[in-house]
Amino acid sequence: MAGEISRCLNGKKNLLVEAGTGVGKSFAYLIPAILSGEKTVVSTASLALQDQLVSKDLVLLQTELPQQFSFGILKGKNNYLCLKREREFTDISEAYTKFRKWLLETKTGERAELPFIPEFWSKVCGDSEDCNGRDCPFYDSCFYYRHYRHLFKTDILIINHHLLIYDLISDFNILPFHKQLIIDEASEIENVISHVLGSTLSYPRVAWLLYRLKGLKILVDPLFPKVELFFKGRDIPSQAVFPIPASTLKELQDLKKTLTLNRVVSTLEKNMKIASNDELLDRMETTIGYVKSLAADIDDFIEQNDSDRVYYMAGNNRALELKSNLVECQDPFKELISEYQSVVMTSATLASGGNFDFLKNRLGIKDFKERIIGSPFDYKKQVLLYIDKNLPLPDKENDETFQEESLKVIEELINASRGRALVLFTSYKHLHFVSDNIKIRYPFKSQSDMPPARLIQWFKDTSHSVLLATATFWQGIDIKGEKLSLVIIARLPFTSPRDPVYQERCRRLRDRWFGELALPSAILTLRQGFGRLIRGRNEYGVVAILDTRLVTRSYGNTIVSSLPEINIVHNVEDVKSFFNSIPSTAYKKRVSISKTPRIVDSGDAKGLNRVVALGKSNEPIVLK
């Protein structure tokens, strides 16, 4: 993998590369990027992976590689304290007292430094719509820009996908350089483009503006009840509603008239002429931009003239939200990659059905080299796949029966594995049913019991524990060793037909919707869930899929063939036998893993023909 990426970067080419679990893809793309000598942007899907790359992988490589390089991390402005916004915020709570103490001591102003995340963070953090950049009176001391100024000198810049797309819509004025781009967890990029190029109209967004206007001595007190009535004085939908009802749009038109945003802009422009200081002037200027942006979004929701978007409404924190998302992302993706000399897209799961056609069609990808690199793990030896053949189909007619019957199988499987299980659901309804009714002798928690990071730590710290989860737990969860020996997938992860963006994409594909969208998308998600189980060469376990469509539907063979070559059983007794057959010493015989990679320089002047032994196997990576 490292060799493929090295050739791609040096030849100014583009590459799609899937790297199976255990390949070591972070090192496989970081080392060629470093040795290329070119400035490189690495984009990931999560802050957690950003932090891992910066605090672990790059620190190690900086120590061990002979080539000197620098690196940095950039997060969105909402991860940093804004001195201007904090200055106008007032509070007397105990949390704010603790926050003020931190403010006096912090050198970075970064949220990750805080021992707790205060509820008011959104009111004091950075916001692109309320930022005047170099014209802000606090620019010189701004935590975000003070950090940002150092990034122009770095060689490797770690960002996340949201920031990558915000750079696109800012005409590439956010990131400090655009030479080489590596997109890790690349299967997520379409959804991020769809989200970032959409918009959200919410109570916090409008309420914040009213508080800002109140601070600028503009009379807005009568508006608060009317804004609250629109967003909170109604039955809040429990799921997305598409299209937005005409009655709601009529109420939005009335709210627009009530807010008189054009008059607000005129008042602010007049007041700017008599502003007493630069800080007040900046606050008025950024507020005008905020008001105009809000007015444009309100008009967009009322008119819904953009055929490239889907418009819908949903509930969030007991309040209404109006949302829009981009439906097709080929054009913005093409514009994004055109800015870079070379682009590498990678993930443990990029292919569907053994090829990249699904991803290429969704993003309009052309002229990319392609490579699939399998996992070094022996899945036929290490893993057993249980597929249930007797449960009712998990459709609307059998939903309650399926939940009740599948619970019995879940309990049997967990008893066979002696806990140590991750149970993945596709709906919160099913998750809550199992959580409320499961009867096992092992400790268990469900996704709503605590924040994700704490939940994962609890699972790691608790012997023979069971974790019931959905949504984000299908990917990015890395639990090594026998702590996780069983992954149960309750249903095939087809996208919910109630998802407005998915609905619209299916409508546009007409009779091709299943083969070109529903099936390949489900395969990718299933492979991500499958990948939670085995994270090392000496790990053993079972993946259980309780969806009988794998054996009753014609597409079942396609789905199964997308998984690694593996032994399949249909009887829980075989699962018990598998666990009983695992040698008691299996987890004690560990391959000795060195803490640092060993670099052997072959003497090549450009440093590109090096043998890099990372200590995770006896086979070195050769960069040619």
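Note that this is a predicted model, so its numbers are computed, not measured.

1. A word on the packing of aromatic side chains
Line of reasoning, step 1. The final tally for this structure, using the stated rule, is 27 aromatic pairs.
Line of reasoning, step 2. A centroid spacing of 6.5 Å and a plane angle of 65 degrees characterise the contact between Trp102 and Trp121, whose relative ring orientation is edge-to-face. With Trp102 in helix α5 (residues 94–105) and Trp121 in helix α6 (residues 121–124), this pair connects stretches of sequence that are 19 residues apart.
Line of reasoning, step 3. Given a relative accessible area of 9%, Trp102 falls into the buried group.

2. Observations regarding the state of the cysteines
Line of reasoning, step 1. The tally for this structure, following the rule as stated, stands at zero disulfides.
Line of reasoning, step 2. Cys506 supplies the cysteine sulfur nearest to Cys329, a cysteine that is in no disulfide, at a spacing of 15 Å.
Line of reasoning, step 3. Given a relative accessible area of 0%, Cys329 falls into the buried group.

3. A closer look at the side chain of Glu18
Line of reasoning, step 1. By secondary structure assignment, the location of Glu18 is in strand β1 (residues 15–19).
Line of reasoning, step 2. A relative accessible area of 5% means that Glu18 is categorised as buried.
Line of reasoning, step 3. Within the local environment of Glu18, its side chain forms a polar contact with the backbone nitrogen of Leu350, the two atoms lying 2.8 Å apart.
Line of reasoning, step 4. In this structure Glu18 touches Ser347, Ala348, Thr349, Leu350, Ala351, Phe356, Arg371, Ile372, Ile373 and Arg527, once residues within four positions along its chain are discounted.

4. A look at helix α13 (residues 261–272)
Given 3.6 residues per helical turn, the α-helix brings residues three or four places apart onto the same face.
Line of reasoning, step 1. With 12 residues, α13 extends 17 Å between its outermost C-alpha atoms, agreeing within 8% with the 16 Å of an ideal straight helix rising 1.5 Å per residue.
Line of reasoning, step 2. Buried residues of α13: Leu261, Val264, Val265 and Leu268, and no others. Burial along α13 is one-sided: seen end-on, the buried residues are contained in an arc of 100 degrees. Facing away from the buried side of α13 by over 90 degrees, the exposed positions are Asn262, Arg263 and Lys270.
Line of reasoning, step 3. Next to the buried residues of α13 lie α10 (203–215), α12 (246–259) and α14 (278–303).

5. Quick look at helix α18 (residues 399–417)
Line of reasoning, step 1. Over its 19 residues, α18 runs 26 Å from end to end, which matches the ideal 27 Å to within 8%, given 1.5 Å per residue.
Line of reasoning, step 2. Taken residue by residue, α18 has Asp399, Phe402, Gln403, Ser406, Leu407, Val409, Ile410, Glu411, Leu413, Ile414, Ala416 and Ser417 as its buried positions.

6. Quick notes on the pairing of strand β5 (residues 180–183)
Line of reasoning, step 1. Along β5, one buried face is formed by Gln180 and Ile182 and the opposite face, lined by Leu181 and Ile183, is buried too.
Line of reasoning, step 2. Pairing between strand β2 (residues 40–44) and β5: four bridges, direction parallel. Bridged to Val42 within β5 is Ile182.
Line of reasoning, step 3. Note that β5 and strand β9 (residues 342–347) share four bridges and pair parallel. Bridging across to β9, Ile183 finds its partner in Met345.

Each value, and the rule that gives it
- Residues numbered from 1 in each chain as written.
- Predicted model: local features only at pLDDT ≥ 70, side-chain atom pairs only at ≥ 80, totals over all residues.
- Heavy atoms only, no water.
- Phe/Tyr/Trp six-rings, centres within 6.5 Å; stacked < 30°, edge-to-face > 60°.
- Helix = DSSP H or I, 4+ residues; strand = E, 2+ residues; numbered from the N terminus.
- Buried < 20%, exposed > 50% of the residue type's maximum accessible area, 1.4 Å probe, protein only.
- Disulfide = S-S within 2.5 Å.
- Polar contact = N/O pair within 3.5 Å; in protein donor to acceptor, adjacent residues only side chain to side chain.
- Contact = heavy atoms within 4.5 Å.
- Expected span 1.5 Å × (residues − 1).
- Arc of directions from axis to C-beta.
- Pairing = 2+ DSSP bridges.

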